Amino acid sequence: MTQAFHIGNHDADALSAIRFFLTTIMEKAGIDAMLVPTRLAMKNRLAPTLISDPVYLAAADPLSPSFPVNAATQLARLTRQPVGGRLAAVLRPCEIRAFNELVKLNQGRREGLVIIGLDCAGAQSNRDFRAFADQHDSLDAATEAFLALFADETADPEAAHLTSACKACVHPVPATADIAVEWFGTAPAMDLTARAGTENGQTILSALELSLAEMAPQARKTALDGLLKRHRQYRDEKNAVLADTVDSLPGLSTYLADCVNCYNCRVACPVCYCTTCVFTTDTFRHEPFQYLQWARRKGSVKMPTDTLFFHLTRMAHMSCACVGCGQCTNACPNEIPLSDLFAYVARHTQATFGYAAGMDIEARPPMSEFEAEEFQDVVGM
């Protein structure tokens, strides 16, 4: 097991501790730029920001419940080709898993990259975060209030107004990060711990002259077990309802009835990476007379057409790679709970192939290579 190091202290709050830690890494590990959620200068909001001057890390806030975009997409853009410097990226666990999938699909690279992950208590929808942030004097105060909801057993996590995707997440720790920042089971301001997940991470942490920490405190295991128990129960209850709701085409059509073919979910999805999508080509730019023919044959036709086919195609394409980040729901103007549906389908698809998207950087995606003894009961071998 790798070593763990203290990065928090009794005199600093959680944000001050994590900002000092990131600044130290940037200054001592030869990092030319760091991608990290940062407070915007022009508005009281957060967004992934590429920082080259450590001074700007004073506005970094990777502990916030704000999650406007899955940064794996931005990181893929930065690493698809050599960038001319050494990068670091501070990501949520689902962002790391999404980026791992993009690496497997040759859309990004981990060479020359340091991934820093954090224990993730979850995130709020864009709408809920705006309301939550506006209740506090500053974004820093909002983050500290959010963390306080998870500080001890008497706190009420439901008061955090997490997204459905986050309440169902069973991978809240950064399993494949180079450096993992851990705080579950502790008061974040007092006991932030950094643990190396790779040799690259171990080399960096060893050079920072941090004090050694306890390997795995029992409080962390207890807190994580309790969180996972709640999340699994929530997920299973959601899936039971979905199994009855979308078990037929009429049921699925009802579930997706509010879709207006804006394609926001496709754009927001970090693993839906095609630059040219079949749904934006002439294939689905029907001639006017076709609409009239369909209306005459059926008596009526919903406009826009192809909404159900769009989502069925996305499920077929993405269910093996879905990491359950919830950005599809976050981006939907009509607030269709798409992440519940996609996570439900993905769970079954990935279980069929014995695959967990993004959890193992070495595991090849399903259907990307041939295995001679695969599905013998299906092919009759």
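Computed from a predicted structure; not experimentally measured.

**A few points about a nonpolar patch on the surface**
Then comes step 1: The grouping of Leu 249, Phe 309 and Leu 312 at the surface amounts to a nonpolar patch, some 280 Å² of accessible area in total.
Then comes step 2: Mapped onto the elements of the fold, Phe 309 is located in helix 13 (residues 307-318).

**With respect to the side chain of Arg 266**
Then comes step 1: Relative to the helices and strands, Arg 266 is located in helix 11 (residues 264-268).
Then comes step 2: When near neighbours in sequence (up to four residues on either side) are disregarded, Arg 266 contacts Cys 272, Cys 277, Thr 280, Phe 310 and Arg 314.

**What about the pairing of strand 4 (residues 87-91)?**
Side-chain direction in a regular strand flips from residue to residue, so the side chains alternate between the two faces of the sheet.
Then comes step 1: Of all 5 residues making up strand 4, 5 are buried, and the element is well covered by its neighbours.
Then comes step 2: Here strand 4 shows a buried face lined by Leu 87, Ala 89 and Leu 91 and a second buried face lined by Ala 88 and Val 90.
Then comes step 3: Sheet analysis places strand 2 (residues 33-39) next to strand 4, joined by 3 bridges and oriented parallel. Its bridge partner being in strand 4, Leu 35 is matched across the sheet by Ala 89.
Then comes step 4: Both strand 4 and strand 5 (residues 113-118) contribute to a ladder of 5 bridges, which runs parallel. When the sheet's bridge partners are listed, Ala 88 is paired in strand 5 with Val 114.
Then comes step 5: Regarding topology, helix 3 (residues 93-104) serves as the crossover connection from strand 4 to the parallel strand 5, and that connection is right-handed.

**Topic: the packing of helix 4 (residues 126-133) against helix 5 (residues 139-148)**
Then comes step 1: Relative to each other, helix 4 and helix 5 sit at 105 degrees, their axes nearing to 9 Å. Compared by their axis directions, helix 4 and helix 5 come out roughly perpendicular. Counting all contacts with helix 4, which are made through Phe 129, Phe 132 and Ala 133, the residues of helix 5 involved are Leu 139, Ala 142, Ala 145 and Phe 146.
Then comes step 2: Residue composition of the contact of helix 4 with helix 5, grouped by class: 7 nonpolar, no polar and no charged.

**Some words on the sheet that holds strand 6 (residues 179-182)**
Then comes step 1: Read from one edge of the open sheet, 7 strands run 1-7-6-5-4-2-3, paired in mixed fashion. If you trace the sheet from one side to the other, it starts and ends with strand 1 (4-6) and strand 3 (46-51), each paired once. Adjacent strand axes in the sheet meet at a mean angle of 25 degrees, parallel and antiparallel pairs treated alike.
Then comes step 2: Relative to strand 7 (residues 193-196), strand 6 runs antiparallel, the two being bridged by 4 bridges. Bridge pairing in strand 7 places Ala 180 opposite Arg 195.
Then comes step 3: This element, helix 8 (residues 199-206), spans strand 1, strand 5, strand 6 and strand 7 of the sheet and lies at about 135 degrees to strand 7.

**Concerning unusual backbone geometry**
Then comes step 1: The omega torsion of the bond from Met 303 to Pro 304 falls at 0 degrees, within 30 degrees of zero and hence cis.
Then comes step 2: Of note, Pro 304 is situated in the loop between helix 12 (288-298) and helix 13.
Then comes step 3: Residue His 161 is not a glycine yet carries a positive backbone phi of 55 degrees.
Then comes step 4: Structurally, His 161 can be placed in the loop between helix 5 and helix 6 (164-167).
Then comes step 5: Of note in the backbone geometry, Glu 335 takes a positive phi value of approximately 55 degrees without being a glycine.

**A word on the packing of helix 1 (residues 14-28) against helix 5**
Then comes step 1: In the contact formed by helix 1 and helix 5, the axes pass within 9 Å of each other and the chain directions differ by 110 degrees. The angle between helix 1 and helix 5 places the two elements in the roughly perpendicular class. Listed contacts from helix 5 to Ala 14, Leu 15 and Arg 19 of helix 1 are Asp 140, Thr 143, Glu 144 and Leu 147.
Then comes step 2: Each residue belonging to the contact of helix 1 with helix 5 can be placed in one class, and the counts come to 3 nonpolar, 1 polar and 3 charged.

**Examining the environment of Ala 295**
Then comes step 1: You can see Ala 295 is positioned in helix 12.
Then comes step 2: With relative accessibility at 22%, the residue Ala 295 sits in the partly exposed group.
Then comes step 3: Not counting residues within four places of it along the chain, the set of residues in contact with Ala 295 comprises Ser 300 and Val 301.

**Regarding the packing of aromatic side chains**
Then comes step 1: Applying the stated rule across the entire model yields 6 aromatic pairs.
Then comes step 2: When the centroid spacing of 5.6 Å and the interplanar angle of 85 degrees are considered together, the rings of Tyr 291 and Trp 294 count as edge-to-face. You can see Tyr 291 and its partner Trp 294 sitting in helix 12, 3 residues apart, about one turn around the helix.
Then comes step 3: Ring pairing ties together the aromatic residues Tyr 263, Phe 279, Phe 309 and Phe 310, which thus form one cluster.
Then comes step 4: If you follow Arg 92 out to its NZ or CZ, it ends over the ring of Phe 67, 4.8 Å from the centre.

Thresholds, definitions, all that
- Residues numbered from 1 in each chain as written.
- Predicted model: local features only at pLDDT ≥ 70, side-chain atom pairs only at ≥ 80, totals over all residues.
- Heavy atoms only, no water.
- Patch = residues over 30% accessible without salt bridge, like charges linked within 9 Å, V, L, I, M, F, W, Y side chains within 5 Å.
- Areas by Shrake-Rupley, 256 points an atom, 1.4 Å probe, with all protein chains shown as cover.
- Salt bridge = Lys/Arg side-chain N within 4 Å of Asp/Glu carboxyl O.
- Helix = DSSP H or I, 4+ residues; strand = E, 2+ residues; numbered from the N terminus.
- Contact = heavy atoms within 4.5 Å.
- Buried < 20%, exposed > 50% of the residue type's maximum accessible area, 1.4 Å probe, protein only.
- Pairing = 2+ DSSP bridges.
- Right-handed = clockwise from strand over helix to strand, strands pointing away.
- Axes fitted to C-alpha atoms, helices over the stretch in contact; angles between N-to-C directions.
- Parallel < 35°, antiparallel > 145°, perpendicular 65-115°, else oblique.
- Nonpolar A, V, L, I, M, F, W, Y, C, P; charged D, E, K, R; others polar.
- Phe/Tyr/Trp six-rings, centres within 6.5 Å; stacked < 30°, edge-to-face > 60°.
- Lys NZ or Arg CZ within 6 Å of the ring centre and 35° of its normal.

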